[in-house]
Amino acid sequence: QVQLVESGGGSVQPGGSLRLSCAASGILFNFYAMGWYRQAPGKQRELVAVISGGGSVNYADSVKGRFTISRDNAKNTLYLQMNSLKPEDTAVYYCNAYWTMARDYWGQGTQVTVSS
């Protein structure tokens with residue numbers, strides 16, 4: 001059974017930081033590209049950052065220079081360090097594990113709220 005469990009969300013003031021974690025089980029973690037997506041109220045889900053099994057990364061333009069994605073293959077865990085948070089970063093953040101179209105899994109999401 002595949003499980004992706006996000007943690008680390010919460011409320012923070014503008015300019016603050018949060019670190020999200022995604023613990024994966026039931027998959028060969030090293031083989032999967034792992035990503036963070038987010039969905040704000042009334043908007044479509046969008047890519048935030050993705051990291052390949054080999055460590056190559058890509059970021060949405062809106063978070064470049066502020067967010068850092070990383071993975072620990074020994075712990076089957078994905079991270080997202082979020083700095084200089086802005087109100088427009090408010091969303092539910094989802095962890096994704098992708099290998100093939102038939103092996104595409106999502107976590108349940110964690111809420112991030114940036115507000116003064």
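Here is a short report on the structure shown in this document. None of the values given here were measured: they were computed from a predicted structure.

On to unusual backbone geometry, then. Phi is mostly negative for residues that are not glycine, and the peptide bonds are mostly trans. For Asn76, which is not glycine, the phi dihedral falls at a positive 55°. Positionally, Asn76 belongs in the loop between β7 (67-72) and β8 (77-82). Judged by its relative accessible area of 22%, Asn76 falls in the partly exposed class. In this structure, Ser84 is a non-glycine residue whose phi angle is positive, near 50°. Structurally, Ser84 is set in the loop between β8 and β9 (91-100). You can call Ser84 partly exposed: its relative accessible area is 41%.

Before going further, it helps to examine the nonpolar core. Ranked by internal contacts, the top residues of the largest apolar core, which has 29 residues, are Met34, Trp36, Leu80, Met82 and Tyr93. Where this core is concerned, the elements lending two or more residues are β3 (18-25), β4 (33-39), β5 (46-51), β7, β8, β9 and β11 (110-114). Excluding its chain neighbours within four sequence positions, the residues that come into contact with Met82 are Gly16, Ser17, Leu18, Leu20, Arg66, Phe67, Tyr93 and Val112.

About the thresholds
Residues numbered from 1 in each chain as written. Predicted model: local features only at pLDDT ≥ 70, side-chain atom pairs only at ≥ 80, totals over all residues. Heavy atoms only, no water. Helix = DSSP H or I, 4+ residues; strand = E, 2+ residues; numbered from the N terminus. Buried < 20%, exposed > 50% of the residue type's maximum accessible area, 1.4 Å probe, protein only. Core = buried A, V, L, I, M, F, W, Y, C linked by side-chain atoms within 4.5 Å. Contact = heavy atoms within 4.5 Å.

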